[in-house]
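Read off the chains here:
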Amino acid sequence: MSYGFQQFDSSSDLMLDTSTAVTTLVKLDTVTITLFKGETPSDSENYNLTGVTSQQDLDDNYIFAQINGGFWSIVTAGGGGEGHTITYVSPGVIKFTISNNACYTLFGQPTQCGDFDLIAETYEIYTIGKLL
Amino acid sequence: MSYGAQILNSAGETVFDSEHFVELATASFTVVGTDYNTTASGTGLVSIPARCFVDDVNFFVTPGSSFNLKSISSGSYQNVYQLAVKANTTSFTFDGTTYINGSSPNTGNRIVTATSSTIGEVTAVSAIIDRTGPSGSGGTYTQSDYTNAYYLVTIGTTDVSSYRSSSAQIYSQTKTSYVGVPHVWVRPLSSSYSGDFGLQIYSGNKISIVDYTNANNTFEVIITNSAQEFGGIAGTSKYLAGGITYGVKALTATDQKYTTSHPFEQHTTYDSGSYVVQILLAKALDHGPTNNGTSYSYSLGSLTTSSIKRWCRMDATQYYAANTADSSYPRDIKKMVYQWASNNNIQVKWRVAYQDSTGAFIFANYTTKQPFAIAEFGAGV
């Protein structure tokens, strides 16, 4: 290599070479988004996301790791967890929208939503291949 | 960024810097694949190491509650690690009734003297001893007599018998802990493997890999954490690349904290002592415009031919979704899995996770997009 940063492990294997287009997973933020059910239009919240340029860019170059309840919580593992819908709005701005806007009784029957019908989700936000 | 180190790649993109945390490997092991619709056990069920939950990042809040030691006969102790702590009484009134409780140091809290000298960390607290009552009277007033009440508080394996004769106050410092979020990367051990696999999580922080080939193949696993969490792990077992006394380490300014109780400190953003996640392909995927049964595949993009091992980010394959194309019971509950044809050909597809005959299934995790990704950790991994 003629420039950049190379890194080797204790077995002299090349671990990292910045003279290529190598892209790491870089954490931007940990954020909790609380949205309420039963509102018209559906409850949503904008969020400033560094460097995002399009919906395609959002899908391919950002990772939202849903960690509410603890990733390893038995409550979250498998069945639980209702993520918010995440969409591109404009350069540098995305929007979280509640994905499940309906409320149900314990027996699964539709019911009126109340003040306590909300979904709070915590995400670790990672980006790939951006100049920060 | 306005200070510190910044390393860019050939395209001018950030590889790591002094402000943002990359994801670093913190553990690696193998697991034998479990057949679909089978409960994992033995070598097919592996615990994530405790360090990956950063269980040793603790902070003791000061000042804590004060307690008094109680003089009891030496025969009332079970061992030299115990102190007799007087029960402090606390009370609260709810709906006209006053409730009184005795309080003691909690397990995990730290005991210190009035001069802030650490005695040790509480590992066990007995049930209350010598409380009598209720001795109070008067309508709804509920009261017990705590005059002689005490707890036997165990301080790990520290001999605390010399403190027992002291009449001085001691203090309890509340411990606040940080819980890390590990991520799971998996690949088949055999270079000739071809098939589908997904992640299954069990209680006790255990995982298995569902191997749809029904051939009990062995899978390699790498656990990653953010560099911030990597830096908070004590000990040297996290240094998978061998670099402990040499290499490159990047730190933030003194503006980070693990919990609101922690003081501001410098946190690790990069450490050459372990392997960094290097993303090749990533895609956020959901049901798609139509809820495609259980036979639909999704492309993550094209991989170049390489002998360096590729790894699949498994976190999103733990989830389930109802197969709405299946209207009769037992109904298919499906999940996204990785479809591995070779090291250079990896996709994502739906597979049946299990069959639900009760109709009790409520949640559908893939109504929103979940992240899938292929990565390398360098030539040595």
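In what follows, the structure referred to is the one given above.
Before going into details, it helps to say that this report is about the structure given with it. (Residues numbered from 1 in each chain as written. Chains lettered and ligands numbered in written order. Predicted model: local features only at pLDDT ≥ 70, side-chain atom pairs only at ≥ 80, totals over all residues. Heavy atoms only, no water.)

For chain B, the count of helices and strands is one helix and 26 strands. Here chain B holds 381 residues, and the buried ones make up 48% of them. Summarising the internal contacts of chain B: among those between residues at least 6 apart in sequence, 69% fall at separations of at least 24. Surface exposure of chain B reaches about 16400 Å², of which carbon and sulfur atoms provide 47%. (Helix = DSSP H or I, 4+ residues; strand = E, 2+ residues; numbered from the N terminus. Buried < 20%, exposed > 50% of the residue type's maximum accessible area, 1.4 Å probe, protein only. Contact = heavy atoms within 4.5 Å. Areas by Shrake-Rupley, 256 points an atom, 1.4 Å probe, with all protein chains shown as cover.)

Facing the 63 residues of chain B at the interface are 50 residues of chain A. Across the chain B to chain A interface the summed buried area is about 4600 Å²; carbon plus sulfur atoms make up 58%. The tally of links from chain B across to chain A stands at one salt bridge. In this structure, Lys283(B) engages Asp60(A) in a salt bridge whose closest nitrogen and oxygen atoms are separated by 2.9 Å. Counting every contact that joins chain B to chain A gives 21 residue pairs in polar contact (both at pLDDT 80 or more). Only β1 (6–8), β2 (14–17), β3 (21–32), β14 (183–188), β15 (195–202), α1 (227–232), β20 (278–285) and β26 (370–376) of chain B provide two or more residues apiece to the side of chain B that touches chain A. Examining the composition of the side of chain B that touches chain A, we find that five residues originate from one element, β20(B), more than from any other. Of the residues in the side of chain B that touches chain A, the class split is 33 nonpolar, 22 polar and eight charged. (Buried area = accessible area lost by both parts, 1.4 Å probe. Salt bridge = Lys/Arg side-chain N within 4 Å of Asp/Glu carboxyl O. Polar contact = N/O pair within 3.5 Å; in protein donor to acceptor, adjacent residues only side chain to side chain. Nonpolar A, V, L, I, M, F, W, Y, C, P; charged D, E, K, R; others polar.)

The residue after Thr40(A), namely Pro41(A), is reached through a cis peptide bond having omega -5°. Position of Pro41(A) among the secondary structure elements: in the loop between β3 (25–36) and β4 (44–48). Although it is not a glycine, Ser12(A) adopts a positive phi angle of roughly 65°. If you trace the backbone, Ser12(A) turns up in the loop between β1 (6–8) and β2 (14–17). Overall, Ser12(A) belongs to the exposed group, its relative accessible area being 59%. One non-glycine residue, Asn214(B), lies in positive phi territory at about 55°. Looking at the element boundaries, Asn214(B) is found in the loop between β16 (206–211) and β17 (218–226).

A few words now on the side chain of Asn109(B). Residue and element names in this part refer to chain B. Here Asn-109 lies in the loop between β8 (97–103) and β9 (110–113). Residue Asn-109 is classed as buried on the basis of its relative accessible area, which comes to 7%. Beyond its immediate stretch of four places on either side in the chain, Asn-109 contacts Phe-60, Gly-120, Glu-121, Val-122, Ser-172, Gln-173, Thr-174 and Lys-175.

With 35 residues, the main nonpolar core has Phe197(B) and Tyr338(B) as its most contacted residues. Beyond its immediate sequence surroundings of up to four residues, Phe197(B) is in contact with Val186(B), Pro188(B), Ile209(B), Val210(B), Tyr212(B), Phe219(B), Cys312(B), Met314(B), Val337(B), Tyr338(B) and Trp340(B). If you look at the next biggest cluster of nonpolar residues, it comprises 18 residues, including Met15(A), Ala241(B), Tyr275(B) and Phe377(B). (Core = buried A, V, L, I, M, F, W, Y, C linked by side-chain atoms within 4.5 Å.)

If a strand is regular, its side chains alternate between the two faces of the sheet. Residue and element names in this part refer to chain B. Judged from the three bridges that link them, β9 and strand β10 (residues 118–121) form a sheet pairing that is antiparallel. Within the sheet, the bridge partner assigned to Arg-110 lies in β10 and is Glu-121. Taken together, β9 and the strand that follows it, β10, pair antiparallel across an intervening segment of four residues, in which Ser-116 is found at a positive phi of about 70°. (Pairing = 2+ DSSP bridges.)

Further remarks concern the sheet that holds β3(B). With antiparallel pairing, nine strands are arranged side by side in an open sheet as β5(A)-β10(A)-β3(A)-β3(B)-β17(B)-β14(B)-β22(B)-β26(B)-β20(B). The sheet is open, and its two borders are formed by β5 (62–66) of chain A together with β20 of chain B, each paired with just one other strand. Between one strand axis and the next, the sheet turns through 35° on average, direction left out of account. As judged from the two bridges shared by β3(A) and β3(B), these two strands associate in the antiparallel manner. Bridge assignment links Lys27(A) to a residue of β3(B), and that residue is Phe21(B). (Axes fitted to C-alpha atoms, helices over the stretch in contact; angles between N-to-C directions.)

As a further point, take the state of the cysteines. Under the definition given, this model contains one disulfide over all chains. One disulfide in the model links Cys103(A) with Cys113(A); its S-S distance is 2.0 Å. Its torsion about the S-S bond being 110°, the disulfide of Cys103(A) and Cys113(A) is classed as right-handed. One end of the pair, Cys103(A), is in strand β8 (residues 103–104); the other, Cys113(A), is in the loop between β9 (110–111) and β10 (118–128), with 10 residues separating them in the sequence. Sulfur of Cys52(B): no disulfide; nearest cysteine sulfur belongs to Cys312(B) and is 19 Å away. Classification of Cys52(B) by relative accessible area gives buried; the value is 0%. (Disulfide = S-S within 2.5 Å.)

Moving on, we get to the pairing of strand β7 (residues 93–97) of chain A. All names here are of chain A. Within β7, four of the five residues are buried, which leaves the element mostly enclosed by the surrounding structure. Pairing of β4 with β7, which is carried by five bridges, proceeds in the antiparallel orientation. Paired with Glu-45 across the bridge in β7 is Phe-96. Two elements, strand β6 (residues 85–90) and β7, share five bridges in a ladder whose sense is antiparallel. Bridge pairing in β7 links Thr-85 to Thr-97. Adjacent in sequence and paired antiparallel, β6 and β7 are bridged by two residues, among which Gly-92 carries a positive phi angle near 80°.

On to the environment of Asp17(A), then. Residue and element names in this part refer to chain A. Residue position: Asp-17 is located in strand β2. Through-space distance from the C-alpha of Asp-17 to that of Phe-5 is 5.9 Å; in sequence the pair is 12 residues apart. Within the local environment of Asp-17, its side chain forms a polar contact with the side chain of Gln-6, the two groups lying 3.4 Å apart.

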